Amino acid sequence: MGKEGSPAESILTALAAFAGGALVSWVNFLLLRALMKAKGETGIGLASPLRMLMSAAYLLILYYVGKHTELNLTALLVGGALGLTVTLLLFTILLTGKMNGQGKE
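About the criteria used
- One numbering rule holds for all chains: residues counted from 1, following each sequence as written.
- The model is predicted, so local features are restricted to residues of pLDDT at least 70 and side-chain atom pairs to those at 80 or more, both for listing and for counting; the totals for chains, interfaces and linings are taken over all residues.
- As a convention, hydrogens and water are excluded, and side-chain values are obtained from all of the structure's heavy atoms.
- Every helix listed is a DSSP run of H or I at least four residues long, and every strand listed is a run of E at least two residues long, numbered separately from the N terminus.
- For the exposure calls, accessible area comes from a 1.4 Å probe over protein chains only, and a residue counts as buried if that area is under 20% of its type's maximum, exposed if over 50%, partly exposed in between.
- Only heavy atoms matter for contacts: two residues are in contact if any of them lie within 4.5 Å across the pair.
- Where accessible areas are quoted, they stem from the Shrake-Rupley method and a 1.4 Å probe; at the residue level, only the protein chains shown are allowed to cover.
- Any pair of Phe, Tyr and Trp rings, taking the six-membered ring for Trp, is counted once the centres come within 6.5 Å. Such a pair is stacked with planes under 30 degrees apart, edge-to-face with planes over 60 apart, and tilted for the rest.
- The span you would expect from a helix comes to 1.5 Å times its residue count less one.
- A residue's bend is the angle separating two fitted axes: one through the seven residues that end there, the other through the seven that start there.

Details of the overall build of the chain
Move 1: When helices and strands are tallied, the chain shows three helices and zero strands.
Move 2: In sequence order, the chain lays out its α and β elements as α-α-α.
Move 3: By residue count, 29% of the 105 residues in the chain fall in the buried class.
Move 4: A separation of at least 24 residues holds for 68% of the contacts in the chain among residues at least 6 apart in sequence.
Move 5: By element, 74% of the accessible surface of the chain is carried by carbon and sulfur atoms, the whole surface being about 6,800 Å².

This is how it looks when you write it as structure tokens:
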């Protein structure tokens, strides 16, 4: 079996990378929430570079894994990028919903 693998293997690889991206995005969400709670709006500025570095590091790890294993590199990178992006959107909606709820009280 070459680097491409079967379609089912590529789908499983993409799903695993998606789950990893979702995990990184969740950690980024927790970091932002904690910094916003501790520092207020200043926490957003502090968290942004850290969140970007964590996301970029995850994609770099996926690239390295894809280059040095039999796993499909495209499936890894697309799955990881989607995991980071889709869950970022969901966590942003969750965070802004909580902020809007706190502002009304």
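There's plenty left to go through after this.
A closer look at the environment of Leu82
Move 1: As for its position among the elements, Leu82 is in helix 3 (residues 73-104).
Move 2: Using a relative accessible area of 45% as the deciding quantity, one classes Leu82 as partly exposed.
Move 3: Counting along the chain gives 64 residues from Leu82 to Phe18, while the straight-line C-alpha distance between them is 6.2 Å.
Move 4: The contacts of Leu82, once residues within four sequence positions are left out, are Phe18 and Thr87.

Some thoughts on the packing of aromatic side chains
Move 1: Tallied over the entire structure, the rule returns one aromatic pair.
Move 2: The interplanar angle of 15° and the centroid separation of 5.0 Å between the aromatic rings of Phe29 and Phe91 together place this pair among those described as stacked. Placement of the pair is Phe29 in helix 1 (residues 7-39) and Phe91 in helix 3, with a sequence separation of 62 residues. For the pair Phe29 and Phe91, one class covers both residues: buried.

Digging into helix 2 (residues 42-68)
Move 1: Helix length check: helix 2, at 27 residues, gives a terminal C-alpha distance of 40 Å against a target of 39 Å (1.5 Å per residue), a fit within 8%.
Move 2: The largest bend along helix 2 measures about 30° and falls at Ser48, with the proline Pro49 one to four residues further on.
Move 3: Along helix 2, the residues classified as buried are Gly43, Ala47, Arg51, Ser55, Tyr58, Leu62 and Gly66.

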